[in-house]
Every structure is written in structure tokens, then in C-alpha cells.
Amino acid sequence: DTEVTQTPKHLVMGMTNKKSLKCEQHMGHRAMYWYKQKAKKPPELMFVYSYEKLSINESVPSRFSPECPNSSLLNLHLHALQPEDSALYLCASSQAGTGPQPQHFGDGTRLSIL
Amino acid sequence: SQQGEEDPQALSIQEGENATMNCSYKTSINNLQWYRQNSGRGLVHLILIRSNEREKHSGRLRVTLDTSKKSSSLLITASRAADTASYFCATDEGGGGNKLTFGTGTQLKVEL
């Protein structure tokens, strides 16, 4: 079992829908991440939150809107997505700080856009 | 993109054999990490090596880092069927934010 929990595990949505992906961790980590992973490709960083503040946005389209309501939760709000946005969305967390930190990943939400 | 390259892309070995995966990257780094991903699952952190380290061991894993060649290798000794997974290197350039850039990955299959 992973210590980072992502819900839902699968999501199918139309291009006009609004949905949210959720991520929760109880390891006391103060850095949280969203990644996008296409089939047979490496994860690509989307957003980084550090101490509940957005610190990195990798030029992600505005149809993806992250939110970090508290130190344990991370959401990704989705609106007007395109078929090419179909992918596995991974959440990760780590200790925050200046030293190198391993990241702990959830099992992801597999998103399909119709 | 500063994405690293891994080779081989795919590797098939027999149980008990050793598996070696190589990672090359393009920029100066603060540290390099290796992760494993089983099919349909998230990534699991395996080992972290800092830029001033040359070799690190963890159980059956041995990682080397050559910053002059901008390359790293992961050796898995005495492989098991349970080691079947994709393996990714990830580099941290040290600019803050613990930002990782993942390599292209090696798919390892260990056959009984």
C-alpha cells in the first residue's frame, strides 16, 4: 500500500465536464507535486507546492488548476480538457527544504477524455 | 527538454542474473535518483546519490555516478521475477523546489 492516496483511480470525462482529482498524504510532508504520465513515457512535472504555496508551474495550460487547501491535501481541478490530456496523473509528496529529498508517489488517476 | 536518456530501452534476463541500466543526462546536477514503477502503479523511490558521491549500495542495488561523463548506472544483482518493472533515473539540478526531471526509462523483464 502506498502512503499517498489518490482518488479516483479511474476517471472518464467529456471535454465539457468539470472534475477534480484528489491526493492525500499523512507523512507530514510539506512539498506536494502533480505529474502527468503518458503510456510508456516518463512522468512530466506539472506543479509543485511547497508549504501550501505554488512554487513551480511548468507552463501547464489553464484548463488544469491546482489547489492545496492544507498540508495534507492536493487537488487538481479539470475543465474543458482535450483528448490529448488523457494520461495517468500522479501525485507525489516529499519533505520540503533545500536538501535532496526522495519523493513518495501515489498510484495515480487514469484519466480518459472522450 | 533536459530529459535524460536511458539505455537499454528494454532488457530481458533470466532470474538470478544481474541487470544493468544506464542513464545519461545533460546538465549539472545536485543529485540523481532512481525509481521503479510496476505496471499500473506509482513510482517507488529506490536510491538517491549526491553529486559528490561516486557509488552507493542498497541491498541488491548498486548505483554509480560519473559527473564528468554526466552518466549513472543502476545494477540489480541476483534478479528476481518481482524485479520486473520500469526503472527511471531522475535528476535534480538543485535550483530549489526539489524539481525532478525523469529519464526515458528502462523496461526490465525478469523471466523464471
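As shown above, the structure is provided for reference.
Structure report, in brief.

So, how was this worked out
- Residues numbered from 1 in each chain as written.
- Chains lettered and ligands numbered in written order.
- Predicted model: local features only at pLDDT ≥ 70, side-chain atom pairs only at ≥ 80, totals over all residues.
- Heavy atoms only, no water.
- Disulfide = S-S within 2.5 Å.
- Helix = DSSP H or I, 4+ residues; strand = E, 2+ residues; numbered from the N terminus.
- Contact = heavy atoms within 4.5 Å.
- Pairing = 2+ DSSP bridges.
- Axes fitted to C-alpha atoms, helices over the stretch in contact; angles between N-to-C directions.
- Buried area = accessible area lost by both parts, 1.4 Å probe.
- Salt bridge = Lys/Arg side-chain N within 4 Å of Asp/Glu carboxyl O.

What follows deals with the state of the cysteines. Tallied over the full model, the rule gives two disulfides over all chains. Disulfide pairing is shown between Cys-23 of chain A and Cys-91 of chain A; the S-S distance is 1.9 Å. Judged by the sign of its S-S torsion, about -70°, the bond between Cys-23 of chain A and Cys-91 of chain A is left-handed. Here the residue Cys-23 of chain A occupies a position in strand E3 (residues 18–25), and Cys-91 of chain A occupies one in strand E9 (residues 87–94), the gap between them amounting to 68 residues. The disulfide that involves Cys-23 of chain B links it to Cys-89 of chain B, with 2.1 Å between the sulfurs. Looking down the S-S bond of the Cys-23 of chain B and Cys-89 of chain B bridge, the torsion is 70°, so its handedness is right-handed.

Residues and elements named next belong to chain A. By the secondary structure assignment, Ser-86 is in the loop between strand E8 (73–79) and E9. Here the alpha-carbon distance between Ser-86 and Gln-37, two residues 49 residues apart in the chain, equals 9.2 Å. Setting aside its immediate chain neighbours within four residues, Ser-86 contacts Lys-38, Leu-111, Ser-112 and Ile-113.

Before going further, it helps to spend a moment on the sheet that holds strand E8 (residues 71–76) of chain B. Residue and element names in this part refer to chain B. With respect to topology, five strands assemble into an open sheet ordered E1-E3-E8-E7-E6, the strand pairing being antiparallel. Only two strands of the sheet have a single neighbouring strand rather than two, namely strand E1 (5–7) and strand E6 (55–58). Looking at each pair of strands side by side, their axes are set apart by 15° on average, direction ignored. For strand E3 (residues 19–24) and E8, the ladder comprises six bridges, and the chain directions are antiparallel. Within E8, the residue paired with Asn-22 across the bridge is Ser-73.

Moving on, we come to the interface of chain B and chain A. Every contact between the two is made by 23 residues of chain B and, on the other side, 23 residues of chain A. Both faces combined, the contact of chain B with chain A buries some 1700 Å², and carbon together with sulfur accounts for 52% of it. It is Leu-43, Asn-98 and Lys-99 of chain B in chain B that bury the most area against chain A; as a group they hold 28% of the surface buried on that side. Linking chain B with chain A are two salt bridges. The partner of Glu-58 of chain A in a salt bridge is Lys-99 of chain B, and the shortest N-O contact between them spans 3.2 Å. Broken down by secondary-structure element, the contributors of at least two residues to the side of chain B that touches chain A are strand E4 (31–37), strand E5 (43–50) and strand E10 (100–102) of chain B.

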